[in-house]
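Architecture at a glance
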Amino acid sequence: MSRQFRLSNDWYGDDCAIFKKKQIKINPGLTVLVGCNGAGKTTMLKQINQSLKNKDIPVLFHSNMQNGERELRSKAAFYGSFDIVARTMMSSEGENIVNVLENIARKMGRMSQENPDAKELWFLFDAIDSGLSIDNVIDIKESLIPLVIETEENKDVYFIISANGYELARNENCFDVINGKYITFADYENYRSFILQTKEQKLERYDE
């Protein structure tokens, strides 16, 4: 079942028109939000998250900027898991993101267990591919997400992930956040042209 959302163009109180459509529709499965930095991917995720919470629909929102390595390390220290603290401090950025992904998977499992009668589950990930290698991104797309959807076969499961790179968007149902429509990319050059176009559209906001 698709779900519709109304978007605010004044989310930050600056009267800057971020989105060209005030109402969007999200389909079950994986949706990859695409656009240049500053296009509105994070803002769209935050608005969807708030709308779902207002309706008491189970939603897990994860931002690498806010809930990434630092949160994992802080919680590990609080609970006395100093082996995890040491491991994250000695690991590379990519390895730490994998550690964070393991933490996310546990959160996803708990959310499912805590909402056995829910008809839909929502997982919102902001910039989840930052710092990941191609093989890590493929693992998320081809292993983790399909496993969750298959496990929750009696529910509508929605994954909305903002993309910073092509690999996450490759061969996926992508959503152009500025123009409010689904889009697919034939190849990297097609994706590159789209990102540069959205940068021009972003700059036009401030000329209006």
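Below: a short report on this structure. Quick caveat, the model's predicted, so the values are computed rather than measured.

**Examining the overall build of the protein chain**
Of the regular secondary structure elements, the protein chain holds eight helices and eight strands. Split into buried and exposed, the 208 residues of the protein chain put 49% on the buried side. With an accessible surface of roughly 11400 Å², the protein chain has 47% of that area assigned to carbon and sulfur atoms.

**Side note on the pairing of strand β4 (residues 59-63)**
The element β4 is largely enclosed, with a buried count of four among its five residues. Relative to strand β5 (residues 120-126), β4 is paired through five bridges, and the arrangement is parallel. Each bridged residue has a counterpart across the sheet, and for Val59 the counterpart in β5 is Trp122.

**Considerations on the pairing of strand β1 (residues 3-6)**
Where burial is concerned, the two faces of β1 differ: the one with Arg3 and Phe5 is buried and the one with Gln4 and Arg6 is not. With four bridges connecting them, β1 and strand β2 (residues 23-26) associate as antiparallel partners. Its bridge partner being in β2, Arg6 is matched across the sheet by Gln23.

**A short note on the environment of Leu52**
Among the secondary structure elements, Leu52 is positioned in helix α1 (residues 41-54). For Leu52, a relative accessible area of 0% translates into the label buried. In sequence terms Leu52 and Leu121 are 69 residues apart; their C-alpha atoms lie 9.9 Å from each other. Setting aside residues no more than four positions away along its own chain, Leu52 makes contact with Arg3, Phe5, Ile57, Val59 and Trp122.

**Structural notes on the packing of aromatic side chains**
For the structure shown, the criterion picks out nine aromatic pairs. Relative to Tyr158, the ring of Trp122 lies with its centre 3.8 Å away and its plane at 0°, an arrangement referred to as stacked. Residue Trp122 is located in strand β5, and its partner Tyr158 is located in strand β6 (residues 156-162); the two are separated by 36 residues in the primary sequence. In this structure Trp122 comes out as buried when scored by relative accessible area, which is 0%. Overall, Tyr158 belongs to the buried group, its relative accessible area being 0%. On the numbers, 5.5 Å between centres and 50° between planes, the contact of Tyr166 with Tyr191 is tilted. Of the two residues, Tyr166 sits in helix α7 (residues 166-169) while Tyr191 sits in helix α8 (residues 188-205), which places them 25 residues apart along the sequence. Just as Tyr166 is buried, Tyr191 falls in that class too. Through successive ring pairs, a cluster of aromatic residues spans Tyr166, Phe185, Tyr188, Tyr191 and Phe194.

**Things to note about the sheet that holds β4**
Whenever strands of a sheet pair, they do so through backbone hydrogen bonds, lying parallel or antiparallel. Taken in spatial order, the six strands make up an open sheet running β4-β5-β6-β3-β7-β8, and their pairing is mixed. Of all strands in the sheet, those with a lone pairing partner are β4 and β8 (181-183), marking the two edges. Put simply, the sheet's adjacent strands are angled 25° from each other on average, direction ignored. In this fold α1 packs onto β3 (29-34), β4, β5, β6 and β7 (174-176), with an angle of close to 155° to the strand it touches most, β5.

Procedures and definitions
- Residues numbered from 1 in each chain as written.
- Predicted model: local features only at pLDDT ≥ 70, side-chain atom pairs only at ≥ 80, totals over all residues.
- Heavy atoms only, no water.
- Helix = DSSP H or I, 4+ residues; strand = E, 2+ residues; numbered from the N terminus.
- Buried < 20%, exposed > 50% of the residue type's maximum accessible area, 1.4 Å probe, protein only.
- Areas by Shrake-Rupley, 256 points an atom, 1.4 Å probe, with all protein chains shown as cover.
- Pairing = 2+ DSSP bridges.
- Contact = heavy atoms within 4.5 Å.
- Phe/Tyr/Trp six-rings, centres within 6.5 Å; stacked < 30°, edge-to-face > 60°.
- Axes fitted to C-alpha atoms, helices over the stretch in contact; angles between N-to-C directions.

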